[in-house]
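# Tertiary structure, described
What follows is each chain in one-letter form.
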Amino acid sequence: MSPQTQKPPAHPAPHSDPFHMDPDTEVTFEFVPVIRQYRSGRVERLYPVNPVPPSVDAATGVASKDVTIDPATGLWARLYLPDLPACADDGRRLPIVLYLHGGGLVVGSAADAPEHAFLNRLAARAGALAVSVEYRLAPEHPVPACYDDAWAALRWVAAAAADAAADPWIRDHGDRERVVVLGFSAGGNIAHNVTMRAGGPEELPGGARVKGMALLHPYFLAVKKTEGEVKNAYVRGKLEETWVFACGGRTPGPDDPRVNPLADGAPSLRALGCDRILVCLADDELEVRGKAYYDGLLASGWAMDDAELLVSAGEEHEFHLHEPDSPKAVLLMDRLVAHIRGNQ
């Protein structure tokens, strides 16, 4: 049959009509190389995650295990217990680090190999019991699910330290009066929000206290930019779009106080529910916002002795995960250890 006499198909071929695309292939949101979502709701996570099981780390002697915090939501955490004879020979309980991984609120995992290795090193160096939270990710679980999970994990840690039926690692070795909330990137955003909640009317079980908060290259935004703030227009634009995406559209945007703690109407940073703060910045798209956050701490009444700043000039966003033995990564770890141990 010639092309001139060929009959059209009884039904249009798939994708022949640009206005009727396959909902499982039509992209509605994309941030390469992080995540892609299709109109059907299908999510494709582009950012690689290399999950590893809990273990006893040969290099540090740190033991890890996974525990369920809330079966109803699927919330779980990976616990890290350092070699006790090496770090607790004075018989004192160990400081507890509640850790929140990065990933733009949409990717990442507590089981990811670089995060797992970082927690092994941190627990060993600080002589701390670490709790790395596997919080729920957007878009399947929009913000504030991640904040609710972090708060639930913090309450679980506080209760477990005094509950005879609780996890034995925290019950027998954790010091609930020395809890530090530590977050990297999007986890830094969560750490800020959960520590702000700890400073509100809700009390932690048994009088537990958040002694410190440490933010590593935290995910903060703002509508108004300072001169030279935007280093990569594509990345900045996508970071702002990702915030809206992670909230399921239920947000005023980059001046939402949850992602811009300096926005009009945001609570005072003096209300943060901790005693000391460490803000760590890298040479990335979030650096200027992080510095503005630190300046906001001082302007709100935090003393420089209680709110410290570390800038890793010339280093990229994840340098501490990928180059842990580099001089600036070692310095970063030293400052984290000092912050966690406090005056011990």
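Note: the structure precedes this text.
In what follows, the accompanying structure is described. Since this is a predicted model, take the numbers as computed values, not measurements.

Let us now look at helix 2 (residues 113-126). When the terminal C-alpha atoms of helix 2 are compared, their 20 Å separation across 14 residues agrees well with the 20 Å that a helix rising 1.5 Å per residue should span. Buried within helix 2 are the following residues: Glu-115, His-116, Phe-118, Leu-119, Asn-120, Leu-122, Ala-123 and Ala-126.

This part takes up the pattern of salt bridges. Applying the stated rule across the entire model yields 25 salt bridges. In this structure, Glu-140 and Arg-45 form a salt bridge, with 2.8 Å as the shortest nitrogen-oxygen distance. Of this pair, Glu-140 sits in the loop between strand 7 (129-134) and helix 3 (145-160) while Arg-45 sits in strand 3 (residues 43-45), placing them 95 residues apart in sequence. For the salt bridge of Asp-167 with Lys-65, the shortest nitrogen-to-oxygen distance reads 2.8 Å. Of the two residues, Asp-167 sits in the loop between helix 3 and helix 4 (168-173) while Lys-65 sits in strand 4 (residues 63-70), which places them 102 residues apart along the sequence. Connected via shared salt-bridge partners are Glu-229, Arg-236, Glu-285 and Arg-289.

Moving on, we come to the sheet that holds strand 2 (residues 35-38). Sheet architecture is open: 3 strands sit in the order 1-2-3, paired in antiparallel fashion. Where the open sheet ends on each side, the last strands, each with one partner, are strand 1 (27-31) and strand 3. Each adjacent strand pair in this sheet contributes to an overall mean axis angle of 10°, direction not counted. Bridge count between strand 1 and strand 2: 4 bridges; the pairing is antiparallel. Bridged to Phe-31 within strand 2 is Ile-35. The sheet contacts of helix 6 (residues 233-246) involve strand 1 and strand 2, and relative to strand 1 the element is tilted by about 130°.

Here the focus is the sheet that holds strand 4. Reading across from one edge, 4-5-7-6-8-9-10-11 is the order of the 8 strands in this open sheet, with mixed pairing throughout. Every interior strand has two partners, whereas the edge strands, strand 4 and strand 11 (307-312), have only one. The average undirected angle you get between the axes of adjacent strands in this sheet is 20°. Strand contacts of helix 5 (residues 186-198): strand 6 (94-100), strand 8 (174-184) and strand 9 (210-216), with the helix running at about 140° to strand 8, the strand carrying the most contacts. Of the strands in this sheet, strand 9, strand 10 (276-282) and strand 11 touch helix 7 (residues 287-300), which is tilted by about 155° from strand 10.

Attention now goes to the packing of helix 3 against helix 5. Look at helix 3 against helix 5: their axes get within 9 Å of each other, and the N-to-C directions meet at 60°. Accordingly, the angle class assigned to the pair helix 3 and helix 5 is oblique. For the pair helix 3 and helix 5, the sense of crossing is right-handed. Contact with helix 3, carried on its side by Cys-146, Tyr-147, Asp-148, Ala-150, Trp-151 and Leu-154, involves Asn-189, Ile-190, Asn-193, Val-194, Arg-197 and Ala-198 of helix 5 and no other residues of that element. Grouping the amino acids of the contact of helix 3 with helix 5 by side-chain chemistry returns 8 nonpolar, 2 polar and 2 charged.

Criteria and cut-off values
Residues numbered from 1 in each chain as written. Predicted model: local features only at pLDDT ≥ 70, side-chain atom pairs only at ≥ 80, totals over all residues. Heavy atoms only, no water. Helix = DSSP H or I, 4+ residues; strand = E, 2+ residues; numbered from the N terminus. Expected span 1.5 Å × (residues − 1). Buried < 20%, exposed > 50% of the residue type's maximum accessible area, 1.4 Å probe, protein only. Salt bridge = Lys/Arg side-chain N within 4 Å of Asp/Glu carboxyl O. Pairing = 2+ DSSP bridges. Axes fitted to C-alpha atoms, helices over the stretch in contact; angles between N-to-C directions. Contact = heavy atoms within 4.5 Å. Parallel < 35°, antiparallel > 145°, perpendicular 65-115°, else oblique. Left-handed = near helix turned anticlockwise from the far one by under 90°. Nonpolar A, V, L, I, M, F, W, Y, C, P; charged D, E, K, R; others polar.

Function-wise, these values are silent; they only describe arrangement.
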